[in-house]
Amino acid sequence: MLLKEKRLVVFFLLPSGMLYLAIIIFPVFQTLYFSLFKWKGALPQQYIGILNYIKLFSDPIFWVAIKNNIYVVIGSIITQIPLGLFMAILLTRQRRGTGIFRTICFSPMIMSEVAVGVLWCFIYNPIYGLLNELLKILGLNNFATAWLGNPNTSLFSVIGTMIWRFFGFYMILFIAAIEGIPSQLYEAAEIDGANARQQILYITLPIIKRTIKVAILLAIVGSLKYFGLIWVMTLGGPYHSSELMATYMYKKAFTEMRIGYGASIAVILFLIASIAAIFVLKFLLRKNR
Amino acid sequence: MKRIHAISWYIITMITTSIIGYPLLWLIYSPFKTNKDIFKNPWSLPTYLNFSSFKEVLSTGNFMNSYINSLIITTISVTLILLFSSMAAYVFSKYEFRGKEIIFITFLGGLMIPQQSVLLPLYILFRKLGLLDTLTSTILVYIAFGLPISIFILKYFFDEIPRELEDAAKVDGCSPLKIYWSIIVPMSTPALLTVGIYNAVVIWNDFIFALIFLSSPEKRTISLGIWSFSNIQGINISATLAALNIATFPLLIIYFIFQRKIISGMMAGALKG
């Protein structure tokens, strides 16, 4: 390689490399380092080894957060993906209006999470909320509650909002996969007398099985580090009933300024998310083999 | 038989899409109602158009200011992401050098790193550098987090550009810098657009970084603007909905116009991420 080219390589990699190292790679290790200290606000730091982790694993709220994270993972998989798949199967029929229906279904993905969260706070509001009002109209008054203020319903209410916000993503993912299926397959099935239900069951679903798996794995990784809607709608409350690892980390690190302890939550979150992500990558690579 | 199918398809699709689309529709018409009307019946359509809520939001100086902040942050971040990531992707795609594999994989690793694992050190770093509560702090973070996916997508796009083109340019005496700028970049407009749109949507909608790094009212991004507006004015439903409306609609209109490109951009980003 010529000297001129060597210089070009260095010059072209420098801006990305420096930023990436300074903003992402180095801080990840720093977080690990911070987690080994007793470090509260402006007080002097004190090295305590893995004491933060020992405390963390006996912290009941952290376990609540992990449990809630698992609920979010499962909740996303069993709601968003089936709804996305259902809408994708409907909206791969080329009929007049298909485009508009698709546009509407995807639009929550374009809105900011804060906007979605605030909007749904109005839907769940106990006094003038749309949901309670609807229950009143339907004569189901007994079910009306303060959806976000009731510890029994807060997490599931936010999971409900997450369905609305994210299912469109999976829908588009499945639409792309279904449109890749050669139409001759369906034509042949039709000649053999297969009805629409059989075509979906024996052609569409088996072929897009891999896409469904990818969707499930994406949902797992996304849900583990989830923060946005929970923070906007419930702040993890009431009484930690909708606390997630990410919101708990925020509270410890930035509200209580317990930097060491907050860092240890971030490390565990990172580990769990990485293991899940490696799983995803392994899976995606296997597809290309 | 075909006809029955079509009719039942329309019925099912209409019902599901109306349920999905209703919250958006409600967001469009509700700010035109007064608070009293919303309290009385949140579902009802406005009987007359009441613009006072919109006026109220527009006269809240900080809210419109947050709009401008988001525009500034998004424009600068996306421009720099495109520049830096295309430079790196060009080198990864067209040159062989020692350590290339390792460096590339390190960049890819960034796809897996959750934001939470860098927040604390960056907070402390920015405080030391006096960058806390400046737009610069968020711009730096957005660029860094946008790089891995952008480099990844662009590298594979550049790989498809035939070598002969560059070889011919080289024979004509073009410098590598000129090849990058006048051949590779113009030929990659579709990929650059995809990458740009994906990053713009993510940055425009970001919440957590802005929440942590920006604190004073005049530095707020649109997400923080909505959040604080709804926290302060929460009881003023009509005005809060007007604020949501103003924050969301320009984006939705852009989405309706460029939806194909936006959807494919978001998919490319999310699939690889």
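Residues numbered from 1 in each chain as written. Chains lettered and ligands numbered in written order. Predicted model: local features only at pLDDT ≥ 70, side-chain atom pairs only at ≥ 80, totals over all residues. Heavy atoms only, no water.

(A) Representation of the packing of aromatic side chains within the structure. With the rule as written, the count across this model stands at 44 aromatic pairs over all chains. Aromatic side chains A:Trp120 and A:Tyr124 sit 5.7 Å apart centroid to centroid with 55° between the ring planes, which places their arrangement in the tilted category. One end of the pair is A:Trp120 and the other is A:Tyr124, both in helix H5 (residues 113-124) and four residues apart, which spans about a single turn. For A:Trp120, a relative accessible area of 11% corresponds to the buried category. What makes A:Tyr124 buried here is its relative accessible area of 7%. Ring centres of A:Phe227 and A:Trp231 lie 5.4 Å apart, and the angle between their planes is 15°; on these two criteria the pair is classed as stacked. For the pair A:Phe227 and A:Trp231, one class covers both residues: buried. Here a set of aromatic residues connected by ring pairs shows up, and it is made of A:Phe227, A:Trp231, A:Tyr250, A:Phe254, B:Tyr123, B:Phe207 and B:Trp227. Lying across the ring of A:Tyr261, A:Arg258 places its NZ or CZ 4.6 Å from the centre. A cation sits over an aromatic face here: B:Lys155 above B:Phe104, 5.4 Å from the ring centre. (Phe/Tyr/Trp six-rings, centres within 6.5 Å; stacked < 30°, edge-to-face > 60°. Helix = DSSP H or I, 4+ residues; strand = E, 2+ residues; numbered from the N terminus. Buried < 20%, exposed > 50% of the residue type's maximum accessible area, 1.4 Å probe, protein only. Lys NZ or Arg CZ within 6 Å of the ring centre and 35° of its normal.)

(B) View of the domain arrangement of chain B. Residues and elements named next belong to chain B. For chain B, the assigned domains read domain 1 (1-50) and domain 2 (57-270). One C-alpha centre belongs to domain 1, the other to domain 2, and the line joining them spans 34 Å. Domain 1 puts 11 residues into the contact, and the matching count from domain 2 is 10 residues. Summed over both partners, the interface of domain 1 with domain 2 comes to about 860 Å²; 75% of that surface belongs to carbon and sulfur atoms. Considering only the side of domain 1, the residues that lose the most area to domain 2 are Leu27, Pro31 and Asn35, jointly responsible for 54% of the buried surface there. Linking domain 1 with domain 2 are four residue pairs in polar contact (both at pLDDT 80 or more), by the criterion used here. Those elements that place two or more of their residues in the side of domain 1 that touches domain 2 are helix H1 (2-29) and helix H2 (35-40). With four residues, H1 is the largest single contributor of residues to the side of domain 1 that touches domain 2. Considered class by class, the residues forming the side of domain 1 that touches domain 2 number seven nonpolar, three polar and one charged. (Domains from an automatic or database assignment. Contact = heavy atoms within 4.5 Å. Buried area = accessible area lost by both parts, 1.4 Å probe. Polar contact = N/O pair within 3.5 Å; in protein donor to acceptor, adjacent residues only side chain to side chain. Nonpolar A, V, L, I, M, F, W, Y, C, P; charged D, E, K, R; others polar.)

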